[in-house]
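Single-letter residue listing:
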Amino acid sequence: MRRTILAALSALLLVGCQIETGGAPAPVPAPPPVPATDRVSSATAVANFRDAVARVEPAAESLCRDRAPRLNCDFLIRVDPDPRLPPNAFQSLDRSGRPVLTFTRALIAEARNQDEIAFVIGHEAAHHVEEHIARQRDSATAGLVIGAAIGSVLGGDQATVEGLARAGSQVGARRFSKEHELEADALGTIITARAGYDPIRGAAFFTRIPDPGDRFLGTHPPNADRIAVVRRVASTL
């Protein structure tokens, strides 16, 4: 059982280091096509992203140092070079523990203005400040141990115990994912506003991505709930 837990934990450390705005760790489907007239040009999209990064990054780092001084608050913001990836963004940690915010080219092109891209940057930065990777990992570890223990108590063979351990870790990892997304939306609203952008206008990005609804153990809350959180927090600023 000890070997089973250690093996599953090793896999967990690989999948637990990214939190995406568009869905589970696997690539998310692209949103429905929109009229070309609604899109900005490639040059404008790149300029919007560059300008938003220049303003949001220092705001996020300042807030991170104030709220979580023990964390590494030196954000590295990068663009994934693969042009085939769908709109997506996620937060991860490099080997030294430095927070990395990664954006696909399609997401940058999908944003209609600087407020939208600024909000996504703020949202991903908030995941780090709220320590969602560590919290997700702890929850998954607890689920893994419980699953393995159940398999052992039931007298299952090695394969059964390993299967229950993996299932437990997946349930544990997803248990608080919706809560984490709403927390990141709330704190991302503050970061966006501190950078001088309009978070409510930025949250309009949610109106163009697939709505996950309220699926059992889904990783993201309904888009309407996310917009409501942004509006509520913004009203207090």
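Residues numbered from 1 in each chain as written. Predicted model: local features only at pLDDT ≥ 70, side-chain atom pairs only at ≥ 80, totals over all residues. Heavy atoms only, no water.

Attention shifts here to the state of the cysteines. Following the criterion strictly, the structure yields 1 disulfide and no others. A sulfur-sulfur distance of 2.1 Å marks the disulfide that ties Cys 64 to Cys 73. Of note, the bridge from Cys 64 to Cys 73 carries an S-S torsion of about -70° and is left-handed in sense. Judged by its relative accessible area of 0%, Cys 64 falls in the buried class. (Disulfide = S-S within 2.5 Å. Buried < 20%, exposed > 50% of the residue type's maximum accessible area, 1.4 Å probe, protein only.)

Working definition: an aromatic ring pair is given by the centre-to-centre distance plus the angle between the planes. Tallied over the entire structure, the rule returns 2 aromatic pairs. With a centroid separation of 5.5 Å and 65° between ring planes, the pair formed by Phe 49 and Phe 103 is classed as edge-to-face. You can see Phe 49 sitting in helix α2 (residues 42-67) and its partner Phe 103 sitting in strand β4 (residues 99-103), a full 54 residues away along the chain. Considered together, Phe 49 and Phe 103 belong to a single accessibility category, that of buried residues. Measuring from ring centre to ring centre gives 5.8 Å for Phe 119 and Phe 206, while their planes differ by 90°; the resulting arrangement is edge-to-face. (Phe/Tyr/Trp six-rings, centres within 6.5 Å; stacked < 30°, edge-to-face > 60°. Helix = DSSP H or I, 4+ residues; strand = E, 2+ residues; numbered from the N terminus.)

To continue, consider the nonpolar core. One finds Phe 49, Phe 103, Ile 117, Ile 121 and Ile 191 to be the most contacted residues of the largest nonpolar core, which totals 42 residues. Secondary-structure elements contributing two or more residues to this core are α2, β4, α3 (105-110), α4 (114-129), α7 (177-194) and α9 (223-234). Here the element with the most residues in this core is α2; it accounts for 9 residues. Ignoring anything within four residues of it in the chain, the contact list for Ile 117 reads Asn 48, Phe 49, Ala 52, Leu 107, Ile 108 and Ala 111. (Core = buried A, V, L, I, M, F, W, Y, C linked by side-chain atoms within 4.5 Å. Contact = heavy atoms within 4.5 Å.)

Geometrically, a packed helix pair is captured by the angle between its two axes and the distance between the axes. The geometry of α2 relative to α4 is characterised by a closest axis approach of 9 Å and an angle of 30° between their N-to-C directions. Considered as vectors, α2 and α4 are oriented roughly parallel to each other. Seen from above, α2 lies across α4 with right-handed handedness. Touching Asn 48, Phe 49, Asp 51, Ala 52, Val 53, Arg 55, Val 56, Ala 60, Leu 63, Cys 64 and Arg 67 of α2 are Gln 114, Ile 117, Ala 118, Ile 121, Gly 122, Ala 125, His 128 and Val 129, all from α4. Split into classes, the residues belonging to the contact of α2 with α4 amount to 12 nonpolar, 4 polar and 3 charged. (Axes fitted to C-alpha atoms, helices over the stretch in contact; angles between N-to-C directions. Parallel < 35°, antiparallel > 145°, perpendicular 65-115°, else oblique. Left-handed = near helix turned anticlockwise from the far one by under 90°. Nonpolar A, V, L, I, M, F, W, Y, C, P; charged D, E, K, R; others polar.)

This paragraph deals with the environment of Arg 50. You can see Arg 50 is positioned in helix α2. In this structure the C-alpha to C-alpha distance between Arg 50 and Ala 118, which are 68 residues apart in sequence, comes to 10.0 Å.

Turning our attention to unusual backbone geometry. With a phi close to 55°, Glu 131 is a non-glycine residue in the positive phi region. In this structure, Glu 131 sits in the loop between α4 and α5 (132-153). Judged by its relative accessible area of 26%, Glu 131 falls in the partly exposed class.

With that settled, consider α7. Here α7 contains 18 residues, and its C-alpha end-to-end distance of 25 Å stays within 8% of the 26 Å for a straight helix at 1.5 Å per residue. A large share of α7 lies buried, amounting to 13 of its 18 residues. Gly 196, located one to two residues past α7, shows a positive phi value of around 95°. (Expected span 1.5 Å × (residues − 1).)

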